[in-house]
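Coordinate inspection notes
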Amino acid sequence: MDLEFMSQKQQLVILGATGSIGLSTLDVIARNKALFDVFALTAGQNAKKMAELCIEHEPLYAVMATQAAAEELSAYLNNTSCQTLVMHSVQAMSDLCAHPDVDTVMSAIVGAAGLLPTLSAVEAGKKVLLANKESLVMSGQLFIDKVKQHKATLLPIDSEHNAIFQCLPPSLQNAQSDKSLQDNGVSKILLTGSGGPFLTRDINTLKDVTVSEAVAHPNWSMGQKISVDSATMMNKGLEFIEAKWLFNCDTSDIDVVIHPQSIIHSMVQYHDGSILAQMGNPDMRTPIAHALAYPERINAGVKPLNFADICDFSFTKPDFARYPNLQLAIDACSAGQGATTTVNAANEIAVAAFLNGEIGFTDIYKINAQTLDDATFTNVQSLDEILECDKLARERAAQLITKVTH
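Presented here is an overview of the structure given in this document. Every value quoted in this text rests on a predicted model; they were computed, and no experiment measured them.

Considerations on the sheet that holds strand β3 (residues 61-64)
Adjacent strands of a sheet form backbone hydrogen bonds with each other and so pair up, either parallel or antiparallel. In space, the seven strands of this open sheet follow the order β4-β3-β2-β1-β5-β6-β7, with parallel pairing throughout. Each of the sheet's edge strands pairs with one partner strand only, and the pair in question is β4 (85-88) and β7 (153-156). Shown here is a sheet whose adjacent strand axes are inclined to one another by a mean of 20°, direction ignored. Across four bridges, strand β5 (residues 104-107) lies against strand β6 (residues 127-130) in parallel orientation. Bridging from a neighbouring strand, Thr104 pairs with Lys127 of β6. The sheet strands contacting helix α11 (residues 285-293) are β1 (10-15), β2 (36-43), β5, β6 and β7, and the helix crosses β6 at an angle near 170°.

In structure tokens:
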């Protein structure tokens, strides 16, 4: 392999190091130690896991979301040989993302909390590996404009968007480009989704779904929030919105296809009738390794598909009666930035309430839809306007949840 492209080690910041994407990233890095160094790790509250990661990977900095979590981490690291400097706050995360010694930032914080540090990396012109879809869902045009303005490199980590990226012509693999799909021979993006754990469950029993059932994804190993989003297919809706911004396309350019086996991760259809698909075992280390080394290829630790073992390979259209959150997100994408910011914010609050046992599974959609109906946004463009829209949606969703629980 020609590794001239990495004559010096890439210095990485991992936002959300203790989550599933963060841990998978560290696994890939550990397999390719000659190519990468961990400059900084960040996390929310999981100080114990962060201490283990600091001891193993020896980052220069570790940042926790709160002072209490940082103090807990420092206590864990006392009396060890680890020299990592412990910090806290979103501002500290943002500062490290813009540090002149940093080359690459993995944005893997779940939810809206990842927006400001990710924007900081973009504004510093870094190579940004985007696993935090909410950044684009919340601030699409603003985010993409900043990528272009600051000449940042933006590479998608979601398995679907990474698959689409790999299937696109080189002329469209650049976030700096304003070129359209149609002008480059592409007629459609086919965004695949497994349908989650309730693809064939009696629709009348969805109101009885438990937390343990909702987080038990049939194919992927993921965190709780994204697992619930997969079960409601809101995750696919957020990915639909993200795809619109990543690939400079309209909602009419994207179709969602249910593919229960999660073998094809997404497809691109061309004018000549060709369809290119990216395939592989459902393991996030593949898109992570692809983005880390792009345009080269490195070892991800993932076994290749054995086609002799594949006994079922099926596709179907999404049933929007079963997945109303998917339709809601697609409609929001057509409506504009205020709508997508609102739906994302409401969904974070509603899913947290479901995970805490405060509302039922089907209440998630009701909260999301009502919050969007009640929203009074007009023009949402600046960062302050986006954050205010997000705040108001969260407050309204919380009010609606209180009504459900009383």
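Quick notes on unusual backbone geometry
Pro295 follows Tyr294 through a cis peptide bond whose omega is 10°. With a phi close to 105°, Ser89 is a non-glycine residue in the positive phi region. You can see Ser89 is positioned in the loop between β4 and α4 (90-97). The class for Ser89 is partly exposed, based on a relative accessible area of 23%. The phi torsion at Asn248 lies on the positive side, around 50°, for a residue other than glycine. On the secondary structure map, Asn248 appears in the loop between α10 (234-246) and β9 (254-258). Residue classification places Asn248 among the partly exposed residues on the basis of a relative accessible area of 37%.

So, the sheet that holds strand β11 (residues 275-279)
Spatial strand order, β9-β8-β10-β11: four strands in an open sheet with mixed pairing. Edge strands, defined here as strands with exactly one partner in the open sheet, are β9 and β11. Each neighbouring strand pair of the sheet contributes to a mean axis angle of 20°, computed without reference to strand direction. The sheet contact formed by strand β8 (residues 186-193) and strand β10 (residues 264-270) spans four bridges and is antiparallel. Residue Leu190 lies in a different strand from β10, and its bridge partner there is Met267.

Quick word on the pairing of β3
Two strands pair when backbone bridges link them, and β2 and β3 are joined in this way by four bridges, in the parallel orientation. Across the sheet, residue Ala40 finds its bridge partner in β3, namely Tyr61. Remark: the β2/helix α2 (residues 47-57)/β3 crossover connection has right-handed handedness. Note that β3 and β4 share four bridges and pair parallel. Bridged to Ala62 within β4 is Val86.

What about the pattern of salt bridges?
Evaluation of the coordinates by the stated rule reveals 19 salt bridges. Put simply, Arg285 and Asp27 hold a salt bridge, and the shortest N to O gap is 3.1 Å. Of this pair, Arg285 sits in helix α11 while Asp27 sits in helix α1 (residues 20-31); the two residues are 258 residues apart in sequence, bridging distant segments of the chain. Given a relative accessible area of 15%, Arg285 falls into the buried group. The class for Asp27 is partly exposed, based on a relative accessible area of 27%. Residues Glu160 and Lys236 are paired through a salt bridge, measuring 2.8 Å at the closest nitrogen-oxygen approach. In this pair, Glu160 sits in helix α7 (residues 159-167) while Lys236 sits in helix α10, placing the two residues 76 residues apart along the sequence. Exposure class is identical for Glu160 and Lys236. Each is buried. The network of salt bridges with common partners includes Asp27, Arg31, Asp283 and Arg285.

Digging into the packing of helix α5 (residues 115-123) against helix α6 (residues 133-149)
At a closest axis distance of 11 Å, the pairing of α5 and α6 adopts a crossing angle of 15°. What the angle tells us is that α5 and α6 run roughly parallel. Taken as a pair, α5 and α6 cross one another with a handedness that is right-handed. Along the contact surface, α5 presents Leu115, Thr118, Leu119, Val122 and Glu123, while α6 presents Ser135, Met138, Ser139, Phe143, Lys146 and Val147. Looking at the contact of α5 with α6 residue by residue, the classes come out as six nonpolar, three polar and two charged.

Procedures and definitions
- Numbering of residues starts from 1 in each chain and follows the order in which that chain's sequence is written.
- Totals for whole chains, interfaces and linings use every residue, but because this is a predicted model, local features are given only for residues with pLDDT of at least 70 and side-chain atom pairs only at 80 or more, for both listing and counting.
- Calculation of side-chain values draws on the structure's entire complement of heavy atoms; hydrogens and water are dropped beforehand.
- Criterion used throughout: strands pair if DSSP finds at least two bridges between them.
- Each helix is a run of DSSP H or I of at least 4 residues and each strand a run of E of at least 2, with the numbering of both proceeding from the N terminus.
- Note on geometry: axes are lines fitted to C-alpha atoms, helical ones only across the stretch in contact, with angles between N-to-C directions running from 0 to 180 degrees.
- Every residue pair with non-hydrogen atoms within 4.5 Å of one another is taken to be in contact.
- Each residue gets one of three labels from its accessible area relative to the maximum for its type: buried under 20%, exposed over 50%, partly exposed in between, using a 1.4 Å probe on protein chains only.
- By the criterion used throughout, a crossover qualifies as right-handed when its path from the first strand across the helix to the second strand runs clockwise, the strands pointing away from the viewer.
- When a carboxyl oxygen of Asp or Glu is within 4 Å of a side-chain nitrogen of Lys or Arg, the pair counts as a salt bridge.
- Throughout this description, any angle smaller than 35 degrees is read as roughly parallel, any larger than 145 degrees as roughly antiparallel, any in the 65 to 115 degree range as roughly perpendicular, and the remainder as oblique.
- By convention the crossing between two helices is left-handed if the near helix lies anticlockwise of the far one by an angle smaller than a right angle, and right-handed if it lies clockwise.
- Think of it as three bins: nonpolar holds Ala, Val, Leu, Ile, Met, Phe, Trp, Tyr, Cys and Pro, charged holds Asp, Glu, Lys and Arg, and polar takes everything else, Gly as well.

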